[in-house]
Amino acid sequence: MRKILIVGAGHAGLHLAHGLLSHGYDVTVITGQSSQEIRTGKPSISQWTFPTALEYERALDLDFWSALSPQVREQKFFMVPEEDEPLHMVGSASAGNGYIVSVDRRVKMADWLESFEDRGGKVVIHGVTVTDLDYFSRMFDLIVVAVGHGELGQLFDHDTSRFSGTRPRALAQAYVYDLWPDQDESENIGWAGATQDAGNILLFPVLTQEGPAHNLLIVDKKGGPMDAWPDRPGPDEQLRRMKDLLRKHVPNFFERSKDAVLVDGPSTRIEELTPQVRNPVGRLPSGGLVLGMADVVVTMDPFVAQSWNNSTRCAESFLASIREHGDLPFDETFLVNTFDRFWEFGQENQQWAEFVSTMWSGATSEFMQNMMLAATQYREIADRWIQGWDDPTDYKNWLFDPDEAQKYLAEVKARHGD
């Protein structure tokens, strides 16, 4: 039985750990926090679990919360110019009966970690250094690093050949109650807004430790108009500033959240990060090799809500590569090929994030506004656009290419007799 060590109890690492365990591998997860410490800690930036990722979780019996979570079946996307009225479209989350859920990471990871141990996986609660990994490399057939902070993250060099759109981001998040409903749509609808001059906003239903609530997330470039957090304000002051920013830059978001109050307990977070891609193979001092995964080597812009999608797809891809490799050694060629296989999806994901971050630049701005107008007129365009968040690989077939987009638009108009 092959022995695999996964460092970190995050979304990607635990998904992979459960998958490997279900296929008979000897799997150990080492993490610096117990499940109880995860539950009582600070919230992380919340993301969406899209329909395809949710099906992957269900296949491993990891969907513990759909019956309790708000089920988001539609999303509304706004483009907010500096002066004109916002444009918006409404699209379905799935072509079938699928839906999106979002679960407080503390709930999700704590439950997954406990379930992993209950199912026979080994859990070690301990901090890990590079020296520790050197020692472990003699005990395990493969080490997968699923936590990228501190000295472990330094094992993986930046890879600008794969992605060069690094732009430091400033984030502020709050879990809140008492949102005014969307007057035009269902209660459980996700909102996303992209402003021309002041960053991006997400407002969507989420299952927290206290029950259903809403997540308000503001993402701006470092030093931008909505980067109001250098002094790291306390929770109440942070929410007050968030409302002020919404009032100034996206009044329709403010109208929904003007009476919002914080969920009990730790419910806010301020963070800075830089989207980037790293070399997936880390070399230990002794010459041993480790494989980085998901956010460790592909850090997503939070506004496109792809971090958990990226993590799930990475875990599924790594699982398939490990299983297909059989009893062969996990050498450097295997590690590189394993990441390259995932990168077929990951690069499409990063291109989508890059496209969104530059939507207001030059000709792209006019093109995007024209496509948004088309999406307001034809629901099938809005549906395709919104469903692309589940699988961004479709965008290259139309939205990334103005000529292909115009061809698609002409086909839609023809179907409608326009």
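Note: the structure precedes this text.
Here the structure is a predicted model, which means the values were calculated and not measured.

Visitor: How would you summarise helix H1 (residues 11-22) if you had to cite specific residues and measurements?
Guide: Count 3.6 residues to each turn of an α-helix, and residues three or four apart come out pointing the same way. Taking 1.5 Å of rise per residue, the twelve residues of H1 would be expected to cover 16 Å, and the 17 Å separating its terminal C-alpha atoms lies within 8% of that figure. The buried fraction of H1 amounts to eleven of the twelve residues, a majority that puts the element mostly inside the structure. Taken residue by residue, H1 has His11, Ala12, Gly13, Leu14, His15, Leu16, Ala17, His18, Gly19, Leu20 and Leu21 as its buried positions. Against the buried residues of H1 lie strand E1 (3-7), strand E2 (26-31), helix H3 (51-59), helix H4 (105-118), strand E6 (142-145) and helix H9 (307-325). Of the residues one or two after H1, Gly24 is the one with positive phi, at around 90°.

Visitor: Could you give an account of the sheet that holds E1, with specific residues and numbers?
Guide: Across the sheet, which stays open at both edges, the six strands sit in the order E5-E2-E1-E6-E15-E14 with mixed pairing between neighbours. A single partner strand is all that each edge strand has here, and the edge strands are strand E5 (122-125) and strand E14 (281-283). Taking each pair of neighbouring strands and ignoring which way they run, the sheet shows an average axis angle of 25°.

Visitor: Kindly report on unusual backbone geometry, identifying the contributing residues and their values.
Guide: Positive phi, normally seen in glycine, also occurs at Asp61, with a value near 55°. Examined against the element boundaries, Asp61 turns out to sit in the loop between H3 and strand E3 (74-80). Even without glycine at this site, Asp178 takes up a positive phi of about 65°. Summarising the element assignment, Asp178 is placed in the loop between strand E7 (169-177) and strand E8 (189-195).

Visitor: Give me the nonpolar core: which residues, what numbers.
Guide: Counting residues in each nonpolar core, the largest one holds 112 residues, and the members touching the most others are Ile6, Leu16, Phe77, Leu133, Met293 and Trp385. For this core, the leading source of residues is helix H10 (residues 332-357), giving ten residues. Leaving out residues up to four positions away in the same chain, Leu133 has contacts with Val7, Val128, Ile143, Val145, Leu152, Leu155, Leu284 and Val290. Of all hydrophobic cores here, the second largest spans 27 residues; its members include Leu239, Leu245, Ala260 and Leu262.

Visitor: Now, about the side chain of Thr393: what can you tell me, with residues and values included?
Guide: Along the chain, the position of Thr393 falls in the loop between helix H12 (379-387) and helix H13 (402-415). Judged by its relative accessible area of 18%, Thr393 falls in the buried class. Polar contacts involving the side chain of Thr393 include one to the side chain of Asp391, which spans 2.6 Å. Other than its neighbours up to four places away in sequence, Thr393 contacts Phe345 and Glu348.

Visitor: Describe the pattern of salt bridges, and please don't skip the residues or the numbers.
Guide: Pairs can form between side chains of opposite charge whenever their charged atoms are close. One pass over the full model with this rule turns up 31 salt bridges. With a closest N to O distance of 3.3 Å, Glu272 and Lys222 form a salt bridge. Highlighted residues: Glu272 in strand E12 (residues 268-273) and Lys222 in the loop between strand E10 (211-221) and helix H7 (235-249), separated in sequence by 50 residues. Classification of Lys222 by relative accessible area gives partly exposed; the value is 40%.

Thresholds, definitions, all that
Residues numbered from 1 in each chain as written. Predicted model: local features only at pLDDT ≥ 70, side-chain atom pairs only at ≥ 80, totals over all residues. Heavy atoms only, no water. Helix = DSSP H or I, 4+ residues; strand = E, 2+ residues; numbered from the N terminus. Expected span 1.5 Å × (residues − 1). Buried < 20%, exposed > 50% of the residue type's maximum accessible area, 1.4 Å probe, protein only. Contact = heavy atoms within 4.5 Å. Pairing = 2+ DSSP bridges. Axes fitted to C-alpha atoms, helices over the stretch in contact; angles between N-to-C directions. Core = buried A, V, L, I, M, F, W, Y, C linked by side-chain atoms within 4.5 Å. Polar contact = N/O pair within 3.5 Å; in protein donor to acceptor, adjacent residues only side chain to side chain. Salt bridge = Lys/Arg side-chain N within 4 Å of Asp/Glu carboxyl O.

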